Amino acid sequence: MTGASGDIGRKTLLHLLKLRPANELIGLVRDPAKAEDLTAKGIELRQGDYLDTVSLAEAFKGVDKLMLTATHAFTERNKAHGNVIDEAEKAGVKHIVFMPIYRKKNSTVTMKEITAEDIFTEEKLKASGINYTLAYHPPFLEALFFYLGPKAQETGVHVPAGDHKFAAATRDDLAAAHAAILTGEGHENKSYVLTGAPAISFSDVADILSKLEGKKVPYSKITPEEYLQLVGKGVPDFIAQFVLEWVVNMGAGEWEEQTKDLETLIGRKATTPTEFFRHNYLTK
């Protein structure tokens with residue numbers, strides 16, 4: 001499991017522990033000190049960096065299946081992902097699972113730092129000859145904390161978005177799907193579109209928060225410039241622009257499609273937005 005000290009990587013390993021013994025699991029980390037909780041559970045940690053091919057070659061010895069956790073935007077993503085695939089191929093890894101962001105069929109949307117790099121990684125993975133699985137991700141429900149602000153239930157939902165819906169999912173549910181793919185059979189050379197349910201719009205978010213809070217949470221459409229002022233406090237301009245792209249595309253319906261792939265893989269209903277907000281976003 002690459003990126004084992006990160007949120008998705010750690011959650012995937014914790015779900016894998018429910019399905020496989022710890023001695024069958026390996027976590028790749030840059031700093032083992034940041035994943036001591038995994039070591040305490042019996043998971044072997046191997047130190048490595050996507051940009052250090054020598055460390056990857058050592059870390060991938062004896063590995064049969066590998067989860068390639070997408071690295072952060074605004075980094076050398078093509079080089080990082082390419083190194084992982086190249087070294088996995090040399091090490092004899094038999095199966096790689098990758099987590100690109102879902103792209104709607106015939107979409108003309110181009111997301112800086114995401115779309116091109118995801119396409120590069122998918123094409124390189126398919127050309128490698130290694131069995132692969134593409135687990136396409138929707139927007140994360142957790143990201144709404146940043147997109148809307150941590151106190152939207154008090155200040156309201158104010159976004160420069162359209163009225164389309166988006167099928168967001170929690171990182172934990174997506175991690176459970178990763179674990180199911182990595183431990184299951186018949187997933188080779190397949191793609192899954194992992195979507196949450198039900199799909200919601202930003203106005204739906206305001207309605208959900210209103211019902212949970214027992215008071216009216218306002219919803220309004222604002223200009224992109226006004227939105228940048230809201231989310232841009234304390235963050236670099238390029239990050240604010242990145243967030244704006246996500247929110248605009250969510251409101252435009254880029255991720256409104258729903259499938260049963262996530263539900264089928266995890267064997268239960270996905271966490272609903274209402275359930276997520278009830279446990280994570282209410283006024284304390």
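Residues numbered from 1 in each chain as written. Predicted model: local features only at pLDDT ≥ 70, side-chain atom pairs only at ≥ 80, totals over all residues. Heavy atoms only, no water.

Looking at an unreviewed UniProt entry, one finds the protein named NAD(P)H-binding protein, with Granulicella cerasi as its source organism.

1. Things to note about the pattern of salt bridges
Convention followed: Take a side-chain nitrogen of Lys or Arg and a carboxyl oxygen of Asp or Glu: if they are within 4 Å of each other, that pair is a salt bridge. Helix and strand definitions here come from DSSP, where helices need a minimum of 4 consecutive H or I residues and strands a minimum of 2 consecutive E residues; each element is numbered from the N-terminal end. When accessible area is computed with a 1.4 Å probe and restricted to protein chains, residues below 20% of their type maximum are described as buried, those above 50% as exposed, and intermediate ones as partly exposed.
What the rule picks out here adds up to 16 salt bridges. Here D7 makes a salt bridge to R171, at a shortest N to O gap of 3.5 Å. Pair noted here: D7 is in helix α1 (residues 7-16) and R171 is in helix α8 (residues 171-183), with a separation of 164 residues, a long-range link. With relative accessibility at 37%, the residue D7 sits in the partly exposed group. The salt bridge partner of R268 is D173, with a shortest N-O separation of 2.7 Å. Taken as a pair, R268 in the loop between α12 (261-266) and α13 (273-280) and D173 in helix α8 lie far apart in primary sequence, 95 residues in all.

2. Remarks on α13
Applied cut-off: Each direction from the helix axis to a C-beta atom contributes to the arc, which is the arc of those directions. Contact definition: two residues touch when any of their heavy atoms are within 4.5 Å.
For α13, the full list of buried residues reads P273, F276 and F277. Projected onto a plane normal to the axis of α13, the buried residues spread over an arc of 95 degrees and lie on a single side. Considering only its buried residues, α13 is in contact with α6 (144-148) and α9 (202-213).

3. Here's the deal with the packing of aromatic side chains
Heads up, the rule is: Between rings of Phe, Tyr and Trp, where Trp is taken as its six-membered ring, a pair exists when centres lie within 6.5 Å; planes separated by under 30 degrees are stacked, by over 60 edge-to-face, and by other angles tilted.
What the rule picks out here adds up to 8 aromatic pairs. Consider the rings of F74 and F242, whose centres lie 5.2 Å apart with planes at 70 degrees: the pair is edge-to-face. Note that F74 is positioned in the loop between β3 (65-68) and α4 (77-91) and F242 in helix α11 (residues 237-251), a separation of 168 residues in sequence. A residue is classified by how much of its surface remains accessible, and F74, at 34% relative accessible area, is partly exposed. Taking the centre distance of 4.9 Å and the plane angle of 20 degrees together, the rings of W246 and W255 count as stacked.

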